[in-house]
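Each chain is listed here by its residues.
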Amino acid sequence: MTTTPAIVILGAGALDTARRIQLLYAASQVHALRGRVEADVAYTDLSTHLRELYASGTPIVALCAAGIVIRCLAPLLANKGVEPPVLAVAEDGSAVVPLLGGLAGVNVMAREMAAALGVSPAITTSGELRFGTCVLNPPEGYALADIGQGKRFVSDLLSGESTRVEGQAPWLDDAQLPRSASARLAIRVTPRAWNGREDELVIHPRSVVAAVTDTDDGATIAAHVQAALDRHGLATLSLAALLASSGRMADAALAQAAASLNVPLRFAQTVAEDGAPPAGLLHAALRIPYETLHDDAHAGVALALTPLAVDADTIGRARGRLTVIGLGPGSAELMVPAARKALTDATDILGYETYVKMAGPLRADQRVHGTDNREELQRARHAFELASTGRSVVMVSSGDPGVFAMAAAVLEALEDAQDPAWAAVELVIVPGVSAAMATAAQAGAPLGHDFCMLSLSDNLKPWTIIEKRLRHAAEADLVMAFYNPISRARPWQLDKALDIVREFRAPTTQVVLGRDIGRPGGTLRTVTLGELRSADVDMRTMVIVGSSTTRKFVNGAPWVYTPRWYG
Ligand code: SAH
C-alpha cells in the first residue's frame, strides 16, 4: 500500500491549502477537477476518482465537505478490505477531519496536517482521545501481533481496566495509559510469538536478523528461515531483515526469499566473501550488540536477536539500484506509475536540470545531482558509481528513456565497465510516453500505420547518414517522426531534410507540429508539406510528416490519421 496521499480538490479556492498539505508529503500530487482548476493531475468525475484511489489503497486528502467524501465512498465501505487513510479538509484549512483508516495511521496524518495548518484535528477515536495515542498503531519498527485481539484489549482498557507494560515501549512513555504493576492486562513488547492469551496485547519489535548462506531456491530459503524462527519461538513479524554475502547481490533466489518473508534484503561484506558462515555475516554487518541463535537443524541460517527494534537500513548495505525512467512529454498524468514509484523510492536523482525539475516535488532527503553536463556517458557512469555504493538512483529523461535519451548511454557505460560492483547493480529501465506518441495522440492517429522515428541532430552521427535514412524512409512511404528537428547550432539541417522529403512526397502531404505537448502553453498545428517552413519549428517541436495515405478531416477539431489498410 502506498503512503503518498492524493490531495483532491474541486476548485481554485482549495489550491493554496492543498499546496500547503503537499509540502508535508514527498511526491504527493494535487488532483484537480478538469476544467475548473489546474494542478498536477486532472480528473473528470469526483466520485469515480475517489473510488479508484480508495480501491488502489491510496490515502486520500479531499478538500471538500466530509459528506461528499462519505457519499462517494459509501458503496465501497461494506466490503472490508484494506482501508487507506481518508480525510476531509476544509478548503480554507480551518478543519481537518479523519474519516477512515484508523489502523492505517489516519489520525497521525490528521495531527500532521492540523499542526501545519495551525488548527486542532477533529479526532474522534475514543482510545486515541483517552490515551493520547493509538495503542494499535505502533511506530515504525514494531508490529501488532493480532489486530482482533488488539481491538478487544483496547475496549477492555476503555471500560476501565489498567495495564502493565512489559518490555521496551518507549513510544508509550508519553501516553496517558492507566498503568498498574498488578494489572490483569499486559502490553507485552517481545519478539517471541504470541501464545494466544487474551489478556495480553503483543507487539513485536523488528529485532531479528536472519543471515543465510543457503543457495537453494527462494521458497526453500524462506522456509528455512521460517523454520529457524519457529524453533526459537520467534514471531515472523519480528524479522527485520534477511542478510547475505555481498557476493550474492544479483542472486534472484535471495530477492525472492526476502520478498516472500516481506523484509528488506541486506548484504554483508566479509573477508572470506562467499565462504563465510552465516554467523560471520552477522558479525560483519551488525554494529549493535546482539545474541546469536544458531539453527541446529540447518547450518545455512543463523539468527541475530537484538535488544530493541533494529533499523534495516543500518545493517550491512543494500543492493544498489539504477532505474532509468522517462517522464513522458511533461504532464504528471502522462508519466507511467512505475516511473512515479521509482522517483518516490529514490535516494538520488540524476539528469538534465530541466527534467529533474519536472520530476519534482522531491523530498528534502533526496539528493539531486542536476547537471547541465551534456556528456551522456559521463552522467551514466556517475549513476553507476552512486548505485554501486548501495544507493537507489533514478536517471531521468523526458519522454521515453530509450528514445534518443539516457537508456542507451547507461547500457553502453555498463558494457564498458571494469568495476564488478557495477554489474551487481539492479538495473531497471522503465518505458515512458515518447513525444511522438503524445503528439500523435493529440492530433489523432498519424502513426496508425508503419512509421519511423528519426533524430535530425548531427551531433552524434554524420549528416550523410541522416540524408540517406531520410531518402530511404521517404521513398518507403513511412510516416516520419522527427526528433531534434532544429536548433540554433543546427539552423539549416531541417530545410535540407524537407527538400529531400519533397522529392518523394506531394505538397498536400499532412504534417503535424506538436510544440511543448503535455506542458504549459503546448500547441498543436496541422499544415501541409507545401506550407511547412522551418521557421514554424523549434527544438521543442515534434514534426510528424504523414505518408501518402495520411488524411485529415474536421469534426469539431481537425483530426489527422493514417488508416490501418493500404491501398
Ligand atoms: N526521449 C524523448 C526525446 C528526447 S529528444 C522522448 O522520448 O520524447 C528531444 C526532442 O524530442 C525535442 O527536440 C523535440 O523534438 C521532442 N520533444 C520532447 N518533448 C517534447 C514535447 N513535450 N513536445 C514536443 N516535442 C517534444
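This text follows the structure it describes.
So, here's what we can say about the structure. (Residues numbered from 1 in each chain as written. Predicted model: local features only at pLDDT ≥ 70, side-chain atom pairs only at ≥ 80, totals over all residues. Heavy atoms only, no water.)

**What to know about the overall build of the protein chain**
- On a plain count of helices and strands, the protein chain comes out with 17 helices and 28 strands.
- Across its three principal axes, the protein chain shows a C-alpha extent of roughly 95 × 65 × 40 Å.
- Per-residue burial over the protein chain gives 48% buried out of 567 residues.
- Here the analysis covers contacts within the protein chain between residues at least 6 apart in sequence; of these, 62% occur between residues at least 24 apart.
- Roughly 26300 Å² of accessible area belongs to the protein chain as shown, and the carbon and sulfur atoms make up 53% of that amount.
- Computing the positive centroid from 51 side-chain charges and the negative centroid from 59, the protein chain places the two 5 Å apart. (Helix = DSSP H or I, 4+ residues; strand = E, 2+ residues; numbered from the N terminus. Buried < 20%, exposed > 50% of the residue type's maximum accessible area, 1.4 Å probe, protein only. Contact = heavy atoms within 4.5 Å. Areas by Shrake-Rupley, 256 points an atom, 1.4 Å probe, with all protein chains shown as cover. Lys, Arg positive; Asp, Glu negative; His and termini not counted. Charge placed at Lys NZ, Arg CZ, Asp CG, Glu CD.)

**Digging into the site of the ligand**
- Surrounding the ligand, one finds 20 residues, the nearest of these being Val403, Ser434, Ala435, Met539 and Thr541.
- Within the backbone of Pro329, a nitrogen or oxygen atom sits 3.2 Å from a nitrogen atom of the ligand.
- The contact in question runs from a nitrogen atom of the ligand to an N or O atom on the backbone of Ile517, over 2.9 Å.
- Bound to the protein, the ligand loses 93% of the 550 Å² it would expose on its own.
- Residue composition of the shell around the ligand, grouped by class: ten nonpolar, six polar and four charged.
- Split by domain, the shell around the ligand shows at least three residues from each of two domains, domain 4 (321-429) and domain 5 (435-561). (Near = heavy atom within 4 Å. Polar contact = N/O pair within 3.5 Å; in protein donor to acceptor, adjacent residues only side chain to side chain. Nonpolar A, V, L, I, M, F, W, Y, C, P; charged D, E, K, R; others polar. Domains from an automatic or database assignment.)

**Re the packing of aromatic side chains**
- Applying the stated criterion across every chain yields a total of six aromatic pairs.
- For the ring pair Tyr142 and Trp171, a centre distance of 4.5 Å and an interplane angle of 50° mean the geometry is tilted. Here Trp171 lies in the loop between strand E8 (163-166) and strand E9 (185-189) and Tyr142 lies in strand E7 (residues 142-144), a separation of 29 residues in the sequence. Note on accessibility: Tyr142 and Trp171 belong to one class, buried.
- Look at Trp463 and Trp492: their rings are 5.4 Å apart centre to centre, the planes differ by 75°, and that puts the pair in the edge-to-face class. Remark: Trp492 occurs in the loop between strand E23 (479-483) and helix H17 (493-504) and Trp463 occurs in helix H16 (residues 463-475); sequence separation between them is 29 residues.
- Classification of Trp492 as partly exposed rests on a relative accessible area of 44%. (Phe/Tyr/Trp six-rings, centres within 6.5 Å; stacked < 30°, edge-to-face > 60°.)

**Here we look at the environment of Val225**
- Note that Val225 resides in helix H7 (residues 218-231).
- In sequence terms Val225 and Gly518 are 293 residues apart; their C-alpha atoms lie 49 Å from each other.
- The contact partners of Val225, leaving out residues within four places of it in the chain, are Ala210, Val212, Leu239, Leu242, Leu261 and Val301.

**Side note on empty space enclosed by the protein**
- This structure, assessed with the given rule, holds one cavity of 30 Å³ or more.
- Computed from the structure, the largest cavity encloses a volume of approximately 30 Å³.
- Taken together, Arg321, Thr323, Ala342, Asp345, Ala346, Ser392, Val393 and Val394 make up the lining of the largest cavity.
- At the level of secondary structure, the elements contributing two or more residues to the lining of the largest cavity comprise strand E16 (321-326), helix H10 (337-345) and strand E19 (392-397).
- Ranked by the residues each element gives to the lining of the largest cavity, the list is headed by E19, at three residues. (1 Å grid on protein atoms, 1.4 Å probe; cavity = no way out; pocket = protein on both sides within 12 Å on 5 of 7 lines; lining within 4 Å. Points joined across faces, edges and corners; volume = space filled by probe spheres on them.)

**Things to note about H10**
- Buried residues of H10: Ala339, Arg340, Ala342, Leu343 and Thr344, and no others.
- Residues of H10 that are buried in the fold lie against strand E2 (29-33), E16, strand E17 (348-352), helix H11 (353-359) and E19.

**Description of the sheet that holds E23**
- Within the open sheet, the five strands sit side by side as E22-E23-E26-E24-E25. Their pairing is mixed. Single-partner strands in this sheet number two, and they are strand E22 (451-455) and strand E25 (523-528). For this sheet, the mean angle separating the axes of adjacent strands, direction not counted, is 20°. (Pairing = 2+ DSSP bridges. Axes fitted to C-alpha atoms, helices over the stretch in contact; angles between N-to-C directions.)

**Topic: the pattern of salt bridges**
- Per the stated rule, a full pass over the model turns up 23 salt bridges.
- The closest approach of N and O atoms between Arg152 and Glu198, which form a salt bridge, is 3.2 Å. On the criterion of sequence distance, the pair formed by Arg152 in helix H6 (residues 147-158) and Glu198 in the loop between E9 and strand E10 (200-205) is long-range, its members being 46 residues apart.
- Between Arg266 and Asp313 there is a salt bridge, and its shortest N-O distance comes to 3.9 Å. Highlighted residues: Arg266 in strand E13 (residues 265-268) and Asp313 in the loop between strand E15 (301-305) and E16, separated in sequence by 47 residues. (Salt bridge = Lys/Arg side-chain N within 4 Å of Asp/Glu carboxyl O.)

Keep in mind these numbers describe shape, not what the thing actually does.
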